[in-house]
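Notes for the structure review
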Amino acid sequence: RELRHLKWDTFEIPSETWAALAASPLTQTLRRLQLERAELTVEAVRALLAGRPWPHLAQLVLKYWKCDGRGVAKLIDHPHFARLTHLDLPGGPAA
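Criteria and thresholds
Residues numbered from 1 in each chain as written. Predicted model: local features only at pLDDT ≥ 70, side-chain atom pairs only at ≥ 80, totals over all residues. Heavy atoms only, no water. Buried < 20%, exposed > 50% of the residue type's maximum accessible area, 1.4 Å probe, protein only. Helix = DSSP H or I, 4+ residues; strand = E, 2+ residues; numbered from the N terminus. Arc of directions from axis to C-beta. Contact = heavy atoms within 4.5 Å. pLDDT = per-residue confidence, 0-100. Pairing = 2+ DSSP bridges. Right-handed = clockwise from strand over helix to strand, strands pointing away.

**As for helix H1 (residues 15-23)**
An α-helical turn contains 3.6 residues, so a residue and the one three or four places further along point in the same direction. Where H1 is concerned, the buried positions are Trp-18, Leu-21 and Ala-22. An end-on view of H1 places all buried positions within 95° of arc, on one side of the element. Buried residues along H1 sit against strand S1 (5-9), strand S2 (32-36) and helix H2 (42-50).

Written out as structure tokens, the structure reads:
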């Protein structure tokens, strides 16, 4: 069975967990990744870009991100996320 939609609602994701997610087989099956209150940091963006490509990911929801707009731009412009067609950034950067 292939997981296609992951909603992760947590307050903090350690950098090693971001790296593990980026290296996991989920990168090959997910179509939608929804991270609420996950506090996407610059380190998290680096980990995601250093991991495996996400060839099927079309929708990305990042709620309460902590990196600046350039970090988000690096993420969505990176070849790993070439199929991304929907980006939702509700709530703006976390305070």
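Text resumes after the structure shown.
**Notes on the confidence of the model for the protein**
Taken as a whole, the protein shows an average pLDDT of 86; of its residues, 94% reach a score of 70 or greater. By mean pLDDT, helix H3 (residues 69-77) is the weakest element of the protein at 84, and H1 is the strongest at 91.

**Points about the pairing of strand S3 (residues 59-63)**
Sheet topology note: the S2/S3 ladder contains five bridges and is parallel. Across the sheet, residue Glu-36 finds its bridge partner in S3, namely Lys-63. A crossover connection joins S2 to the parallel S3 through H2; in handedness this β-α-β unit is right-handed. Pairing of S3 with strand S4 (residues 86-88), which is carried by three bridges, proceeds in the parallel orientation. Note on S4: the bridge partner recorded for Val-61 is Asp-88.

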